[in-house]
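Analysis of the macromolecular model
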Amino acid sequence: MNPDRRRIVLAAGLAPLAALAPGHALAQQVPMPVRDYTVLNPEQPVDTVGKVEVLEFFWYGCPHCYNLQPFIEKWVKTLPEDAVLRQVPAIFNERWARDAATFYTFEALGVLARVHRPFFDAIHRDRLKTDDPAALTAWLGKQGIEVKKFDDAAKSFGVQSKVRRAAQLTRAYRIEGTPTLAVQGHYTISAEQGGSQAGMLATADHLIGLARKSLAGRK
């Protein structure tokens, strides 16, 4: 993708995105290919067996990803038992790769559930600069995270392997901006296509239903 176009998408992808209530007319429309979602060809393999896999491609520095998080947190609680959400940090450059490593380091240390939202808050509400080592160290300390353990985990083979995998997924799913949702390796929903937080998630619900029927047909 043209780098200038990517910057425009990242800056304005959700500029018109309003926090619409689930009952809003836009959330009730039947989603249509191209207009509301993209059908991937070729279809991508998924890591979750026996369930519909939804990926949320995000970046900690993306304000629209931050605004989507409260909706994601509520929505994930409504997912049927045969669907699962996996968060994937999108990677376009070295800075995004560093933030992806932070995400997977939180996961490796077993603190992701506790600090994921506060880290978003620190960046967008408190203006934390994640590329400022001193500021990041101070923030980690406030969260009770030992800096040496964090640094060691960030450099570990396990974390770095997941960062490389996230970069591969970003390319394979042809992600052009964040946030983007992907369903069962076959569909993607961009911020522009979703039109609103509620719109993105309503489309994801619809695609989960389509993916469920497809899985049932393969059994």
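Residues numbered from 1 in each chain as written. Predicted model: local features only at pLDDT ≥ 70, side-chain atom pairs only at ≥ 80, totals over all residues. Heavy atoms only, no water.

**Some words on the environment of Glu43**
To be explicit about the condition: Helical segments are the DSSP runs of H or I of at least four residues, strand segments are the runs of E of at least two, and each set is numbered from the N terminus. Exposure classes here rest on a 1.4 Å probe applied to the protein chains alone. A residue is buried below 20% of its type maximum, exposed above 50%, and partly exposed in between.
Its location among the elements puts Glu43 in the loop between strand E1 (38-39) and strand E2 (52-58). Look at Glu43 and you get partly exposed, because its relative accessible area is 35%. Along the sequence, Glu43 and Ala172 sit 129 residues apart, while their C-alpha atoms lie 9.4 Å from each other.

**A short note on helix H8 (residues 157-172)**
Going by this rule: By this rule, a helix spans an expected 1.5 Å times one less than how many residues it contains. This arc corresponds to the set of directions leading from the helix axis out to the C-beta atoms. The contact criterion used throughout is that any non-hydrogen atoms of two residues lie within 4.5 Å.
Here H8 contains 16 residues, and its C-alpha end-to-end distance of 22 Å stays within 8% of the 22 Å for a straight helix at 1.5 Å per residue. Within H8, burial applies to Val159, Val163, Ala166, Ala167, Leu169 and Thr170. Down the axis of H8, the buried side of the element spans an arc of 160 degrees, and every buried residue falls inside it. Within H8, the exposed residues directed more than 90 degrees away from the buried face are Phe157 and Arg171. In this fold, the buried residues of H8 make contact with E2, strand E3 (83-89), helix H4 (94-108) and helix H7 (147-154).

**As for the packing of aromatic side chains**
Definition in use: Only the six-membered ring of Trp is used, alongside the rings of Phe and Tyr, when aromatic pairs are assigned; centres must lie within 6.5 Å, and planes under 30 degrees apart are stacked while those over 60 apart are edge-to-face, with the rest tilted.
All chains considered together, the criterion is met by 16 aromatic pairs. Measuring from centroid to centroid gives 6.0 Å for Phe58 and Phe120, while their planes differ by 55 degrees, and the two rings are tilted. Taken together, the residues span a long stretch of sequence, with Phe58 in strand E2 and Phe120 in helix H5 (residues 112-124) at a distance of 62 residues. On the basis of relative accessibility, which here comes to 1%, the residue Phe58 falls in the buried class. Seen in terms of ring centroids, Phe119 and Trp139 are 5.0 Å apart; in terms of plane orientation they differ by 55 degrees. Their pairing is tilted. Linking Phe119 in helix H5 with Trp139 in helix H6 (residues 133-142), this pair joins segments that are 20 residues apart in sequence.

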